[in-house]
Amino acid sequence: MATITKRSNRYRVLIRKQNFPTICKTFSDKSTAQTFAKDVEAKMERGLFMDASAAEKTTLNELLDSYSKTILPSKKGKEIEQIRINTLRTALGHYTLSQLQPHIVTKYRDKRLESIQSGTTRRELSLLSTILNTAETDFDIHLPQGNPVSKIRLPKEPKGRTRRLDRQEEYKLLLALKNTIVRGLVELALETALRRSEILRITRFDISFSSRTLYIPKSKTDTPRRIPLSKKATKILHSRLSKVKDGYLWNIKAHSVSTAFRRACKRAGIDDLRFHDLRHEATSRLFEKGLSIMEVSSITGHQDLRMLKRYTHIRPESLVKKLE
């Protein structure tokens, strides 16, 4: 039974019902308090009541803390996710989960789009949506108005990049890479189409010089694969192997690779080139060498051939001889 009492200029609703949590909430006017009490009691009677008190008490900061401690450590790309979490924390962390309404998330989206690309904003919002869903599925926090991200328009997915690295740029880039470790890493990426994370996990036990193959035990798709090595790739790995005794062949952090790569591009006067573009470039070169779609996908690890097509940008000049 609901009890409504006036305290100063506010009205307190207290609802106690067997087998349900005690509900206590205050309002600025009596009619709103009465409407709330009636609505809650009706839902209790029909078995539709969901306790929203946890969402009213829990801030997004607290939810992000729980997610970072229990969910994030087991995820791939946790370093990048942590950066996005920090961004969400700064902008939205002070809101309780019940306060985090669609118009607030929309304002966040529009503000971010003023300074960053739509794809980055989209990924931040997708992570926020995942974390809010986790609040209900893993932490038993009912969101009274549902997931606010699902009620707003997400930025459009950007078109796939078509950036190719020509041979002159490649020469200038390798020349500008002062760090020989990163230079070898870049050369291997262009020979194998491996992801940066896959290269950084290579150990001596993954290489078979007798069969000229490399085993990739962990990948983005969770599917191990063994790839063939060109003579140049074999030479790069052999050279790197002679410089390390144990552990990974490239004992360097991912962010250090990106930093060195950006600085080398700047020194070489190369614009709009990212490390991941090397995977696009290497994939395109494999097709230009005459490999079939299935042969290329076995090397790159693409399971979705539509995604493989996005990674492939064959130069028209390479097709001229086939049309003669």
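Residues numbered from 1 in each chain as written. Predicted model: local features only at pLDDT ≥ 70, side-chain atom pairs only at ≥ 80, totals over all residues. Heavy atoms only, no water.

Undergrad: Which residues make up the packing of helix H3 (residues 60-70) against helix H6 (residues 118-137), and what are the values?
TA: Relative to each other, H3 and H6 sit at 85°, their axes nearing to 10 Å. Relative to H6, the element H3 is oriented roughly perpendicular. Listed contacts from H6 to Leu 60, Leu 63, Leu 64 and Tyr 67 of H3 are Leu 127, Leu 128, Thr 130, Ile 131, Leu 132, Thr 134 and Ala 135. Among the residues forming the contact of H3 with H6, the class breakdown is nine nonpolar, two polar and no charged. (Axes fitted to C-alpha atoms, helices over the stretch in contact; angles between N-to-C directions. Helix = DSSP H or I, 4+ residues; strand = E, 2+ residues; numbered from the N terminus. Parallel < 35°, antiparallel > 145°, perpendicular 65-115°, else oblique. Contact = heavy atoms within 4.5 Å. Nonpolar A, V, L, I, M, F, W, Y, C, P; charged D, E, K, R; others polar.)

Undergrad: So, the pattern of salt bridges: which residues are in play, and what are the values?
TA: In the structure shown here, the tally under the stated rule is 13 salt bridges. Where Glu 288 meets Arg 164, a salt bridge forms, and the shortest distance between an N and an O atom there is 3.1 Å. Placement of Glu 288 in helix H12 (residues 277-288) and of Arg 164 in the loop between H6 and helix H7 (167-176) is noted, with a sequence separation of 124 residues between them. Judged by relative accessible area, which is 12%, Arg 164 ranks as buried. With a closest N to O distance of 3.0 Å, Arg 225 and Glu 198 form a salt bridge. Here Arg 225, found in strand E6 (residues 225-228), pairs with Glu 198, found in helix H9 (residues 196-200); they are 27 residues apart in sequence, far enough to count as distant. In this pair, the class of Arg 225 matches that of Glu 198, namely buried. Here the residues in one salt-bridge network are Arg 164, Arg 167, Glu 170, Glu 281, Arg 285 and Glu 288, joined through shared partners. (Salt bridge = Lys/Arg side-chain N within 4 Å of Asp/Glu carboxyl O. Buried < 20%, exposed > 50% of the residue type's maximum accessible area, 1.4 Å probe, protein only.)

Undergrad: Tell me what's going on with the side chain of Asn 147, and back it up with residues and numbers.
TA: Within the element layout of this structure, Asn 147 appears in the loop between H6 and H7. Among the polar contacts listed, one links the side chain of Asn 147 to the backbone oxygen of Ser 129, at a separation of 3.1 Å. A polar side-chain atom of Asn 147 sits 3.0 Å from the main-chain amide nitrogen of Val 149. Setting aside its immediate chain neighbours within four residues, Asn 147 contacts Ser 129, Leu 132 and Asn 133. (Polar contact = N/O pair within 3.5 Å; in protein donor to acceptor, adjacent residues only side chain to side chain.)

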